[in-house]
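Each chain is listed here by its residues.
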Amino acid sequence: MNNGKISIASSLSDLMDSGIRKRAFFESTGVRSPSSDVSIFPAQGFHIYSRLRLKMELEAPESEARIRRFMEVIHRYAEVATSLVSGEDLVLLELQGETLHLFMPCQLHEQSSIEAIALVTALHAEIEQEVKGLAGDGWKSLRFTMDHGDTLLVDSFQNSDDSVISLSPAANEPAKQFKRDSDVFPSGCLRLRQSVLDVLHGNNLSISTTGERDGWVSLRVDDPSTVLSRFAGFTDKVQEFRNRIEQNVPIDSLNKYANLIINRAFSGLQPGSLDSPLVLRGWTLRADLDGFSCQVLRSFENPNQPEALKKLVGEFIQIMNDASHFDSGCPFPAIRLPWAGDCASRFIVSTDEAYEEQSKTIPAQVQHRWQEQTQAGRWVCSLAGGNKEKGNGFTLLAEITIQNRRFQIEGGWGIRRSKQGEQDVGGNPTECVMHSNDVAELNEAWKKAYTPDQEHPSFAKAGFQELKVAQIQAQQLLDATREVSKGHSITTPKPYYDQSR
């Protein structure tokens with residue numbers, strides 16, 4: 001059971017402010033609220049995602065000049081997108097580097113659909129105008145997705161920044177649409193459920209869409225004159241949003257990151273303590289909880305909804321506690337990254353000197369440890385760091401302050417590929433997904449546990465049982481190496497599972 005306090009926020013803006021109040025209390029007193037204390041707010045509305053796709057050479061953090069430009073691009077992108085945020089009719093839930101998550105509370109009807117699409121249309125125009133020039137040749141695409149539905153918003157001190165967790169199928173499904181290829185979901189489009197557009201059909205006006213798949217369609221928003229301009233109020237609403245952006249967005253300070261100091265030394269990391277970007281080498285682990293979205297849906301459909309939602313929150317806090325079992329006694333440095341819905345993330349820290357040698361064992365050991373230590377038995381985890389061909393472990397960790405809220409962002413090849421493995425490849429509970437570049441670096445004992453994925457040849461999968469067998473074989477290989485090394489001044493490091501804790 002959850003022993004913490006579950007409180008229902010009085011309003012949406014109150015929920016947004018709860019994290020700021022908790023952080024201010026901690027910074028002034030050094031005391032945190034109990035980790036299980038949470039504020040919640042049930043709501044209905046549109047989840048709107050924007051994804052700015054930059055070329056990997058801009059996101060990759062090996063070059064300090066690129067880091068500065070990446071930070072400048074992401075900061076301006078967030079400033080423009082959040083210039084519409086008001087506290088009640090539109091809020092920012094998450095800022096995950098290139099992906100930004102907004103929530104617009106409302107019922108689903110003709111006017112709210114027109115307003116949501118107008119908002120996306122205005123944002124697309126302003127982001128292209130304000131950000132594309134900063135990105136230069138690093139710009140690749142800009143796309144949006146959205147869905148409408150019941151949502152439970154959760155603010156917990158267990159999260160590592162001021163983002164707000166949303167438990168809702170309407171929050172999960174749009175993010176999955178980004179995996180669609182450019183033929184189905186081109187740049188300059190909004191991807192949404194056909195049912196969201198169906199409420200507009202009372203006008204007897206057809207809406208041109210493309211890429212129909214499983215009830216989802218793509219709608220062009222890069223040219224407002226061809227979208228919904230024939231619908232009453234749409235053009236005026238787009239202009240209203242653009243005016244709000246221009247009035248509220250801060251004046252751009254050119255080269256604001258020109259003198260930014262890049263920190264490459266790791267000495268532990270507390271949320272809210274990143275005064276300068278941190279560049280490390282290591283691996284990103286993303287773990288998704290199978291089936292939890294269905295539990296969320298059932299809770300909203302329960303006749304006794306308030307009690308069902310409280311029970312759901314208690315279960316989710318137990319899930320967060322379950323994920324923290326990975327950290328307890330962890331023999332290698334692991335940084336908690338912000339939650340994305342029911343998806344937990346960690347960055348496993350290596351060093352320039354050790355990365356190549358550790359790549360032979362640690363990536364597989366990390367995935368084995370996650371499945372061994374967490375108790376839910378429902379996690380699918382994905383890992384990537386890269387080798388000399390791609391990524392090579394370099395990862396950027398930074399914090400950006402937007403509207404008095406601090407958001408942790410990450411960049412790098414491993415960040416992007418671990419997310420791709422979790423969202424695009426996925427798997428069954430207790431399966432582990434790893435990028436093939438990382439599998440290639442494993443020693444033979446661990447490598448045998450992974451089988452290439454037929455549909456996604458850049459990834460391979462291992463079941464928990466296969467990893468258990470690999471653990472035994474790796475230990476046997478290590479014991480044999482120790483025997484050979486007797487009489488020599490050679491110290492072979494133990495794998496994590498053989499170290500005292």
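Our structure is the block above this text.
Residues numbered from 1 in each chain as written. Predicted model: local features only at pLDDT ≥ 70, side-chain atom pairs only at ≥ 80, totals over all residues. Heavy atoms only, no water.

With respect to the environment of Leu92
Here comes step 1: Along the polypeptide, Leu92 turns up in strand S3 (residues 91-96).
Here comes step 2: Residue classification places Leu92 among the buried residues on the basis of a relative accessible area of 3%.
Here comes step 3: Residues within four places of Leu92 in sequence aside, it is in contact with Met16, Thr82, Val85, Leu100, His101, Leu102, Ile402, Arg405 and Phe407. (Helix = DSSP H or I, 4+ residues; strand = E, 2+ residues; numbered from the N terminus. Buried < 20%, exposed > 50% of the residue type's maximum accessible area, 1.4 Å probe, protein only. Contact = heavy atoms within 4.5 Å.)

Quick word on the packing of aromatic side chains
Here comes step 1: Considering all chains together, one arrives at eight aromatic pairs under this definition.
Here comes step 2: An aromatic cluster is defined as three or more aromatic residues linked by ring pairs; in this entry it consists of Phe292, Phe316, Phe326, Phe332, Trp339, Trp370 and Trp379.
Here comes step 3: The cationic tip of Arg369 hangs over the ring face of Phe326; the distance from NZ or CZ to the ring centre is 5.7 Å. (Phe/Tyr/Trp six-rings, centres within 6.5 Å; stacked < 30°, edge-to-face > 60°. Lys NZ or Arg CZ within 6 Å of the ring centre and 35° of its normal.)

Topic: the environment of Trp370
Here comes step 1: In this structure, Trp370 sits in helix H11 (residues 362-373).
Here comes step 2: Considering only alpha carbons, one finds Trp370 and Ala287, 83 residues apart in sequence, at a separation of 8.6 Å.
Here comes step 3: In this structure Trp370 touches Leu285, Ala287, Ala323, Phe326, Ala344, Arg346, Trp379 and Cys381, once residues within four positions along its chain are discounted.

Focus on the nonpolar core
Here comes step 1: One finds Met71, Ile117, Leu123, Ile127, Met146 and Leu192 to be the most contacted residues of the largest nonpolar core, which totals 66 residues.
Here comes step 2: By residue number, the principal contributor to this core is helix H4 (residues 110-135), which donates 12 residues.
Here comes step 3: Excluding residues within four positions of it along the chain, Leu192 makes contact with Ile117, Met146, Leu197, Gly215, Trp216, Val217 and Leu219.
Here comes step 4: Phe316, Trp339, Tyr355 and Ala364 belong to the second-largest nonpolar core, a separate cluster that totals 48 residues. (Core = buried A, V, L, I, M, F, W, Y, C linked by side-chain atoms within 4.5 Å.)

Quick look at the pairing of strand S7 (residues 189-193)
Here comes step 1: Within S7, four of the five residues are buried, leaving the element largely enclosed by the surrounding structure.
Here comes step 2: The pairing of strand S5 (residues 139-156) with S7 spans three bridges and is classified as parallel. Residue pairing in the sheet places Met146 in a bridge with Leu192 of S7.
Here comes step 3: Looking at chain direction, S7 and strand S9 (residues 216-220) are connected through five bridges and run antiparallel. Counterpart to Arg193 in the pairing with S9 is Trp216. (Pairing = 2+ DSSP bridges.)

Examining helix H3 (residues 64-82)
Here comes step 1: In this model, H3 (19 residues) spans 27 Å end to end at C-alpha, consistent with the 27 Å of a helix rising 1.5 Å per residue.
Here comes step 2: The element H3 is extensively covered by neighbouring structure, given that 14 of its 19 residues are classed as buried.
Here comes step 3: The N-terminus of H3 is capped by Ser63, whose side-chain oxygen sits 3.3 Å from the backbone nitrogen of Ala65. (Expected span 1.5 Å × (residues − 1). Polar contact = N/O pair within 3.5 Å; in protein donor to acceptor, adjacent residues only side chain to side chain.)

Function cannot be read off these values alone, since they describe shape.
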